[in-house]
Amino acid sequence: QVRFVESGGGLVQPGGSLRLSCAASGTDLRSYYMGWYRQAPGKQRELVADITSSGNTNYADSVKGRFTISRDNAKNTINLQMNSLKPEDTAVYYCNARWGTSWGRGTQVTVSS
């Protein structure tokens, strides 16, 4: 089984930025259709953004224009650059292969003054 490890979360003020990173030991992520997901308290997990093996990207309407998903092949990571953060972005953020069913610990993002 592949274990994805998320990092980069933290506390940030509204309008601020964070960069999340997703790594997988011993696995070449270039061949994976990957997604970033988030789950806020009391809500279902939702897809935030995804990226295909060829680099095509897709974003939820709520984050379009503010978030950017990308691949760093040199570091074998999937990144999520989050700008202009809003309080409603507060959630635990997870990475996973699209159609994946096993979830890691995620990384907490809190947007608050």
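The rules behind each value
- Residues numbered from 1 in each chain as written.
- Predicted model: local features only at pLDDT ≥ 70, side-chain atom pairs only at ≥ 80, totals over all residues.
- Heavy atoms only, no water.
- Salt bridge = Lys/Arg side-chain N within 4 Å of Asp/Glu carboxyl O.
- Helix = DSSP H or I, 4+ residues; strand = E, 2+ residues; numbered from the N terminus.
- Buried < 20%, exposed > 50% of the residue type's maximum accessible area, 1.4 Å probe, protein only.
- Pairing = 2+ DSSP bridges.
- Axes fitted to C-alpha atoms, helices over the stretch in contact; angles between N-to-C directions.
- Phe/Tyr/Trp six-rings, centres within 6.5 Å; stacked < 30°, edge-to-face > 60°.
- Lys NZ or Arg CZ within 6 Å of the ring centre and 35° of its normal.

A. Region of the structure containing the pattern of salt bridges. For the structure shown, the criterion picks out six salt bridges. Residue D89 is joined to R38 by a salt bridge in which the shortest nitrogen-to-oxygen separation is 2.9 Å. Of this pair, D89 sits in the loop between strand 8 (77–82) and strand 9 (91–97) while R38 sits in strand 4 (residues 34–39), placing them 51 residues apart in sequence. For the pair formed by D89 and R38, the shared burial category is buried. Here D61 and K64 are joined by a salt bridge, their closest N and O atoms 3.3 Å apart. Its relative accessible area of 67% is what places D61 among the exposed residues. Among the charged side chains, a salt-bridge network with shared partners connects R38, E46, R66 and D89.

B. Representation of the sheet that holds strand 8 in the model. Strands sit in the order 1-3-8-7 across an open sheet of four strands; the sheet is antiparallel. Either end of the sheet is taken by a strand with one partner, and the two such strands are strand 1 (4–7) and strand 7 (67–72). Averaged over all neighbouring strand pairs, the angle between strand axes comes to 20 degrees, with direction disregarded.

C. Expanded view of the packing of aromatic side chains. For the structure shown, the criterion picks out four aromatic pairs. Ring geometry for Y37 and W103: centres 4.9 Å apart, planes at 85 degrees, overall edge-to-face. In this pair, Y37 is assigned in strand 4 and W103 in the loop between strand 9 and strand 10 (107–111), connecting sequence segments 66 residues apart. The buried category is assigned to Y37, whose relative accessible area is 8%. Pairing Y94 with W103 gives two aromatic rings, centres 5.9 Å apart and planes at 75 degrees, and the pair type is edge-to-face. Exposure remark for Y94: the relative accessible area of 10% places this residue in the buried category. Within the aromatic cluster, the residues linked to one another by ring pairs are Y37, Y94 and W103. A cation sits over an aromatic face here: R45 above Y94, 4.6 Å from the ring centre. It is R98 that lies over the ring of W99; its NZ or CZ is 4.6 Å from the centre.

None of the figures reported here should be taken as evidence of function without further support.
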